[in-house]
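The primary structure of each chain is shown beneath.
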Amino acid sequence: MTDLRPEILAIAPMLPSLMAKLQESFTVHCLWQQADPTGFLADIGPRIRGVTSSFAGPVPGGLLEQFPNLEIIASFGVGYDNVDAAAAAARGVVVTNTPGVLDDEVADLTLGLLLATLRRIPQADRFVRTGQWIEGAFPLSPSLRGRRVGIVGMGNIGRAIAQRLAGFDVEIAYHARSAKPDLTLPYHSSVVALAQASDVLIAIVPGGEETRHLIGAEVLKALGPDGVLINVARGSVVDEQALITALQSGTILAAGLDVYDDEPNVPRALIDMPNVVLLPHVGSASARTRDAMGQLVVDNLVGWFGQGSVLTPVPESEPLLGRGVTR
């Protein structure tokens with residue numbers, strides 16, 4: 001019996017629950033399982049109508065040319081800098097992501113990382129585990145009290161972070177492409193100006209060339225010797241070498257990082273510094289939230305191949321849908 005279900009390509013491994021749901025509605029080809037990916041893509045390319053991707057598997061524009069009948073790329077994650085969305089749109093291919101369902105989880109993690117960095121929670125844990133407490137008290141830590149917090153990026157997650165910070169009774173300001181008319185928080189037109197007015201800087205902007213090294217040596221100098229950088233955006237947003245230099249020289253006080261320029265390869269210099277808290281890109285990595293993200297991937301694919309519509313197109317794809325591009 002011929003399987004008439006749409007054929008889709010999964011670029012990188014995903015949750016077993018997500019794969020099971022995809023296999024209920026589609027014929028799923030798994031690229032990472034192929035001994036000869038190039039030959040495999042040449043063979044199945046004309047049959048592929050959908051692609052699923054995650055931040056672990058890039059979908060560059062060149063790869064898209066191998067799929068002449070591709071209709072949709074359903075990206076797992078709110079950030080989609082791993083997808084050449086402009087190239088996809090030029091070919092009439094719709095791209096979706098998974099916003100909204102992970103906002104609270106990432107915002108919660110950001111506050112946890114901020115507190116862990118300021119109050120040196122991981123260092124205090126090691127202090128107990130290694131028996132150092134017996135020899136004397138743990139050194140006094142910096143505090144969140146009296147801090148001025150600047151948020152770089154004021155999308156849904158930035159707003160969720162600001163909402164949580166309000167409960168800590170700290171001053172909050174932000175930078176975005178433009179001021180948000182519905183927000184009463186102070187707005188700064190440049191990241192440098194925001195850094196000068198802050199002593200905590202939280203990065204939560206999309207990745208990509210537009211924001212590459214948005215936070216570099218000038219911004220870190222403006223943040224100052226009591227400053228703390230928290231990056232829950234993308235590793236590319238921060239000039240990693242400039243950050244290492246700033247931490248080593250005392251240009252800033254400390255950093256809490258969930259993302260890096262070349263994941264999972266974290267520079268040894270960051271690992272060795274006691275004033276840095278490092279997480280393995282786990283901003284949205286709870287079972288509950290990842291299940292919700294996976295369901296949105298499925299819903300976008302099922303919606304497209306069933307009704308010719310999607311729930312969460314990325315901005316580059318909205319003109320396609322506005323012109324009535326359908327399945």
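For the structure given in this document, a descriptive report is provided here.

### Points about the sheet that holds strand E2 (residues 27-30)
Then, number 1: Ordered in space as E2-E1-E3-E4-E5, the five strands form an open sheet in which the pairing is parallel. What marks the edges here is a single partner per strand, and that holds for E2 and strand E5 (94-96). Adjacent strand axes in the sheet meet at a mean angle of 20 degrees when their direction is disregarded.
Then, number 2: Note: strand E1 (residues 7-10) against E2, four bridges, orientation parallel. What sits directly across from isoleucine 8, in E2, is valine 28.
Then, number 3: Across the face of the sheet, helix H2 (residues 37-44) comes into contact with E1, E2 and strand E3 (48-54) while running at roughly 160 degrees to E1.

### Some points on the sheet that holds strand E7 (residues 171-175)
Then, number 1: Within the open sheet, the six strands sit side by side as E7-E6-E8-E9-E10-E11. Their pairing is parallel. Of all strands in the sheet, those bounded by a partner on one side alone are E7 and strand E11 (276-278). With strand direction ignored, the average angle separating the axes of adjacent strands in the sheet is 15 degrees.
Then, number 2: Where strand E6 (residues 148-152) meets strand E8 (residues 200-203), four bridges bridge the pair, whose relative direction is parallel. Bridge pairing links valine 149 to valine 200 in E8.
Then, number 3: Relative to strand E9 (residues 228-231), helix H5 (residues 103-118) is tilted by about 150 degrees, and along the sheet it contacts E8, E9, strand E10 (254-257) and E11.
Then, number 4: Relative to E6, helix H7 (residues 156-166) is tilted by about 170 degrees, and along the sheet it contacts E6, E7 and E8.

### Section: the nonpolar core
Then, number 1: Counting residues in hydrophobic clusters, the biggest one holds 50 residues, and the most contacted among them are Leu22, Val28, Ile151, Ile161, Leu165, Ile202 and Leu301.
Then, number 2: Every residue in contact with isoleucine 202, bar those within four places of it in the chain, is listed here: Thr110, Val149, Gly150, Ile151, Val152, Ile161, Leu165, Ile230 and Val232.

### Observations regarding the side chain of histidine 29
Then, number 1: If you trace the backbone, histidine 29 turns up in strand E2.
Then, number 2: Among the polar contacts made by the side chain of histidine 29, one reaches the side chain of glutamate 7 at a distance of 2.7 Å.
Then, number 3: When sequence neighbours within four positions are dropped, the list of residues in contact with histidine 29 reads Glu7, Ile8, Leu9, Ala10, Phe40, Ile44, Arg47 and Ile48.

Thresholds applied
Residues numbered from 1 in each chain as written. Predicted model: local features only at pLDDT ≥ 70, side-chain atom pairs only at ≥ 80, totals over all residues. Heavy atoms only, no water. Pairing = 2+ DSSP bridges. Helix = DSSP H or I, 4+ residues; strand = E, 2+ residues; numbered from the N terminus. Axes fitted to C-alpha atoms, helices over the stretch in contact; angles between N-to-C directions. Contact = heavy atoms within 4.5 Å. Core = buried A, V, L, I, M, F, W, Y, C linked by side-chain atoms within 4.5 Å. Buried < 20%, exposed > 50% of the residue type's maximum accessible area, 1.4 Å probe, protein only. Polar contact = N/O pair within 3.5 Å; in protein donor to acceptor, adjacent residues only side chain to side chain.

In short, geometric facts, not functional conclusions.
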